[in-house]
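As a plain string of letters, each chain reads:
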Amino acid sequence: MASRGFHSTFTPLPMERTDFLEMPQQQQEPGLQQQVSPGQDIEKKNSSTFDRVVELLNEAQLAEKEEKLQCLHQVQELIVHKESNLMDNFFDEMIVHFQDRSPDVRKFVLGFLEEASLKDTELIRKAVPFLLLGIKDSMPLIKKKTITVVTRLLPCALLMVCRARPNDQEAADMWDSMDDIKSLIIEEINGMNDGIRTMVVKFMEMLVVVLSKKSSDSEVVKDDYPVSLEMVPTDHKVLHLTDLVEDCGMCLESLLGLTTLADISSTNLMTVISSLASVARQRPMFMSTVVQAFEALHASLPPFSKSQVSSIRKNMKSQLLAMLRHPLSVDYQTQITTLLADLGATPAEIAKNKPQPAAEKRKNDGEGGSAAKKPRSSKAAAAEEDNEPEYNAFLNRFAVTGQAIDDFHKDIVKHLTPVKCAELVFVSMRDLPDGMPANFRETFTPIAAAGTDQQISHLARLMAIQITAAGFGPAAERIGLEAQKSKANRRDKREKEHRRSGGDQESDQTSHATGLPSDLLAGVGLANANMADLMLLAPELIKLGVDPEMAAKILPRVNPAAQVSTVGQTSAFGATPLGPARSSQSTGSAVDAFGKPMPPSDLMKAGHDAPSVKDTRRKARHIKPFKLLDVPMATTASDAARQMKETFDRLTSFGDDTVFCDTISDRIKILVGLAVHFPETCRRILIDRVMLDVRSNMELLLAWLFEEYSVSEGYFDQKEALSGLGKRYDHCLTLLLTTLREKLSPEDRSFTKLLLEAPCITQGALEIVRSYCEDREYMDLGIATLSELVIRRPAATEAYLYTLLDLTTHHDQKLRDMSIEVTKKLFSNENLTGDIVKFAYKTLAQLQNEHPVAVLDGETEVAGAAWTEETISIALQLFLSLLPLKHSLLHDLAQVYVDVSTLIKKTIHKRVEKPIREIGIEAEELLKLLEECPPGAESLITRLLHTLTLDARPTPELVEKARSLYKRRSADIRVLIPIIIGLEKSEILDYLPLLIRQQPAVMREVVNRLLGCTHTGKASPIMKSPLTPTEVLVALHSIEESDEMMKNVMKAISFCFEKDTIFTQEAIALVLQQLVERQPLPTLFMRTVIQSLNLYPSMMTFSMGILERLVKKQAWLQPKVWQGFVKCCSMTKPQSLVVLLQLPRQQLDSAFQICGDLQPALVEFVKSLPTKQRNSISKQTLKFIESVDKKSEKAASTTAATSTSPEKASTSTRTKGRASSGAEHGKENMSTVRNKAESASATQAESEQ
């Protein structure tokens, strides 16, 4: 059913016609009895349920609130609890009522969402939008119901997301919506409605339990949640462990904070107490925190009334007793027992609820034993913490609080002397009120153990908790510092993750060094690099050992004029170039050969004060040309790498219209040359730049790939300098393909174009293509690319083809279907046909093994697993898909079929139907297979013939081949069933007993085909049988064999009677007339007569004629026929009473013994006859009837005389009265029957004349 939107209008569903069921009683045939098979009963039941649901939904659409709710409740019961398979059909029709104005209806819809989603968790995806609307509803009733539903569904949603596929976007969206709902629910904790706050507390309890880890000591509750934190994968893409742990901590802190609120209601407080105690029992790691919270709450209860305080104390007492029963409460028994004593618990109650000694012993043994065996090393503990740092830090937050209070408590105990206590009392007395507060009076419990160490420790602990809660003392400072530290750590971690996610590309670009010396680019400004600047890199490359030709290829020659700047200009490197026109007058001082000002001392040593312009020019002619290599530089390797990266980054940032070289091809050569020979620095930059517009930069990508391939194949004489580059082409190609997958959409064909034009497809690249195919999102692109590679890259067609063929046995059904469709298209290529057939037969031949070679179980290969219907179908699918394209494969299928197991044969029978229909009934290879059928493949032949002849008449050639196969092999008789209507009538009659002997399903098919029906059960002219329906039924009655055989014959006859459109009343009458003339009578003749009367009650008169003829034929000579005769007379009385009077006295007595109800009926009938008609009855028969009547009366009087009790006598009197009245009434009916019998006899006489 198509999904409807939230505001879709509800259209009444169509009802199936049932008017034929309401036919008035007087219009129905008298005595008509419907015969319905069990299958029809089930189908009718399902249909009736469906119709009932449709009717109820239509009524609910137009009904008022109360009636609507009643209808919807019935629908929910039917589709959720009774017929859950109808839930998908009517889910949308139910949730559409959420737009109803009535809050009660909307509340019911929320309850339906809960029940349906728990029944089928996939429906949570549809339920989430309505839950979001429910939590935003203004009605508190709807909000409370929504919170209850979410409390039950959120764990199921979390479990569903945990098990979802990594790329399941619907699951991710559903969890985001559920997270929004969770936030809105938690915000309601600050609301004013106590009922909603109570629901929120239970919701937060659920979050704490679900978002924390279950331990071996966790208490198992009746309705335990199906998921906990340890089930969430640490690397889940949707569920982040840090966020889940923070949510757990936030909820637990909120619950703890509620215990300190002064304005909280007593109901909410008791709910919080129950929730915290439940958390402590189910997650024992929080027990210490909960105990401390209860201690603080007990010391400072909010100002409630006396009854409220009493209820809270009773609730806390019961929860503490439940916690005390927990095995891990041993460490906190002192605190818990002290609290219980203050709350009024007796020592007997405390002792009764303490953990069993065995549990304590196990705990002590566990602690001692583990320590004695082998204490965990610090390295192991550190490794465990490193694996789950977020969760450990989360637990540490609460552990620090407890440890700080414990340390503060110990410190107070040391200073809590009697003198200090007295001073505290005197100081506090100044703040005491004049009268005792009512709250104190109601909560005060006399201290039974005053002055003991236990009471002093308890008092010190209460003081430590209250001082810390007020924000004073060392514990508060320590907790505050730890909280700030934890908060800072979380903030730093988030910032680090943010920087990592946002700066991955930049870090990848700068993380590799170029390997050049540190003085390569020192002192070079890279803000406005031009070609002259780049040319300065070539000498340095040569100095490093790079061949000059290679350096020339990396940095091609340009116009030499570009290397010289004019006087006064500054190059892009920041230095002032030398020139013939430069002089001391222009600079103000003499310069040396390197353009540096000469100091005066050097000028004096040179023998002149100040050179003239002429001398300067003359000396300039002998100046050594400036070389960058001659300038001493001190640059680190990291600086050189950084400068190279920045240079290449600027080069890639230039557009095609930027003129820094003669042509675009020169630019591509430079970029490619640098990327190939400095891959660590330049490769990532080039990829990121190209991915901004892949189509425009496809030429650059291909040039890069060809350059990498050339270097890897050794086309350049650089094997020594570039050693180890043999695998670089594969790495470069796979890197490009992987990046294309990350950057481009599945519809972009740049991936295919790159692979088609690449110089070589490596094995790594082929694996990436396969991964594209296995990804549902990129499956179409991957399959299309693989198909193109097979066709357009003939050099490696075999590798691509076998990759495609391997996908035809993949566990993913969609991928398998797509691969097979492409393979079928390639099958027409003669160069590929042989390889495809060879692979298909190899896959088929695996069925002859005892176990599959390798079965894919998810993503893991499991060897030696047993054959299942799924794995068999996978091995068959490609071969069967090729059958319509190459009919000769039928012979290979038959050869393999002989050697496989029964399960595989059954699966072949199911899967072969579609391809054999496409082959057709006139295929020559099919006839050839019938001639050359391998021994043991007869059942396969039968299945093929059965499928082909379901709706088509077998050809004469096919009939002849099948008949020959049966006679030649003495094969299974079932091979003749598909072609039975093509046999001669005499052959059919000869084979019929053998065919009826088969299983009921086979027998029904035989009868169907003999009656000329198709597989739908309807008669068809093209399926005309050599036998008429009458001849078929007569032939079935002619089968006289064992009792077991007769059972099959009876089933076949009953099946014929179900074909009421074929075996009409006239046809059955014709059959009975033929059968009654036989001598001896068929054994099942009377059974057929009775069935005819049940089917056609109007044949009563005809049946009476049959009975009279049986009297003349002395039916009592055949015992089985005689019994059927008597039963038929019993069933058709009073009409049959006339026939009984024609029986001899001995046979009449036998009839009375077989059916006792005939005797009184016949006696009454004879008594009601007039004297004339009674005289027409033979005297012996009349005398026998009168003697039988007297014996009956005598037996009745004897029975009456033996009853001495008055009560029995009165009962007998009443019975006789009723009997007499019944007899009178019977006489009236008998008269009517007698008249009918007379007219029937007259009619029968006329028909015989």
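In case you missed it, the structure is sitting above this.
Since we're looking at a predicted model, the values are computed, not measured.

Cut-offs and rules
- Residues numbered from 1 in each chain as written.
- Predicted model: local features only at pLDDT ≥ 70, side-chain atom pairs only at ≥ 80, totals over all residues.
- Heavy atoms only, no water.
- Helix = DSSP H or I, 4+ residues; strand = E, 2+ residues; numbered from the N terminus.
- Buried < 20%, exposed > 50% of the residue type's maximum accessible area, 1.4 Å probe, protein only.
- Contact = heavy atoms within 4.5 Å.
- Expected span 1.5 Å × (residues − 1).
- Arc of directions from axis to C-beta.
- Salt bridge = Lys/Arg side-chain N within 4 Å of Asp/Glu carboxyl O.
- Polar contact = N/O pair within 3.5 Å; in protein donor to acceptor, adjacent residues only side chain to side chain.

Novice: Is there a simple way to think about the overall build of the chain in this case?
Specialist: When helices and strands are tallied, the chain shows 60 helices and two strands. Relative to its full complement of 1249 residues, the chain shows a buried share of 43%. Long-range contacts, defined as pairs at least 24 residues apart, comprise 71% of the intrachain contacts of the chain with a sequence gap of at least 6.

Novice: Looking at this structure, how should I read helix α46 (residues 956-969)?
Specialist: Side chains that are three or four residues apart share a direction in an α-helix, a result of its 3.6 residues per turn. Given a rise of 1.5 Å per residue, 14 residues ought to cover 20 Å, and the 20 Å separating the end C-alpha atoms of α46 matches this to within 8%. Among all positions of α46, only Leu958, Val959, Ala962, Arg963, Leu965 and Tyr966 are buried. With its buried residues spanning 155 degrees around the axis, α46 presents them on a single face. Pointing more than 90 degrees away from the buried face of α46 are the exposed residues Pro956 and Lys967. Contacts made by the buried residues of α46 are with α44 (924-931), α45 (938-948) and α47 (985-996).

Novice: Could you clarify how one ought to interpret helix α53 (residues 1100-1112) in this entry?
Specialist: The end-to-end C-alpha distance of α53, which contains 13 residues, comes to 19 Å, matching closely the 18 Å that a straight helix rising 1.5 Å per residue would cover. Of the residues making up α53, those classed as buried are Ser1103, Met1104, Gly1105, Ile1106, Leu1107, Glu1108, Leu1110 and Val1111. Positive phi shows up at Gln1114, right after α53, with a value of about 55 degrees.

Novice: So what exactly am I meant to see when it comes to the pattern of salt bridges here?
Specialist: Should their charged atoms come close, side chains of opposite charge can pair. One pass over the full model with this rule turns up 35 salt bridges. Across the salt bridge formed by Asp224 and Lys214, the nearest N and O atoms sit 3.2 Å from each other. In this pair, Asp224 is assigned in the loop between α8 (194-210) and α9 (241-258) and Lys214 in the loop between α8 and α9, connecting sequence segments ten residues apart. For Asp224, a relative accessible area of 27% puts it in the partly exposed group. Each of Glu122, Arg125, Asp168 and Glu170 takes part in salt bridges that share partners, so that together they form one network.

Novice: Honestly, unusual backbone geometry in this entry has me stumped. Any pointers?
Specialist: What is expected of a backbone is that most residues other than glycine have negative phi and most peptide bonds are trans. In the segment running from Gln1079 into Pro1080, the intervening peptide bond is cis, with an omega of 0 degrees. For Pro1080, the location among the structural elements is in the loop between α51 (1065-1076) and α52 (1085-1095). Each neighbour pair has its own omega, and for Lys1133 with Pro1134 the value is 15 degrees, a cis peptide bond. Checked against the element boundaries, Pro1134 lands in the loop between α54 (1119-1132) and α55 (1137-1140). Even without a glycine there, the phi angle at Gln1114 is positive, about 55 degrees. Locating Gln1114 in the fold gives a position in the loop between α53 and α54.

Novice: Can you help me understand the side chain of Gln877 in this one?
Specialist: Relative to the helices and strands, Gln877 resides in helix α40 (residues 869-882). Judged by relative accessible area, which is 17%, Gln877 ranks as buried. For Gln877, the side chain forms a polar contact with the side chain of Asp817, separated by 2.7 Å. Here Gln877 is in contact with Gln813, Arg816, Asp817 and Ile820, once residues within four sequence places are set aside.

Any link to function would need more than the numbers given here.
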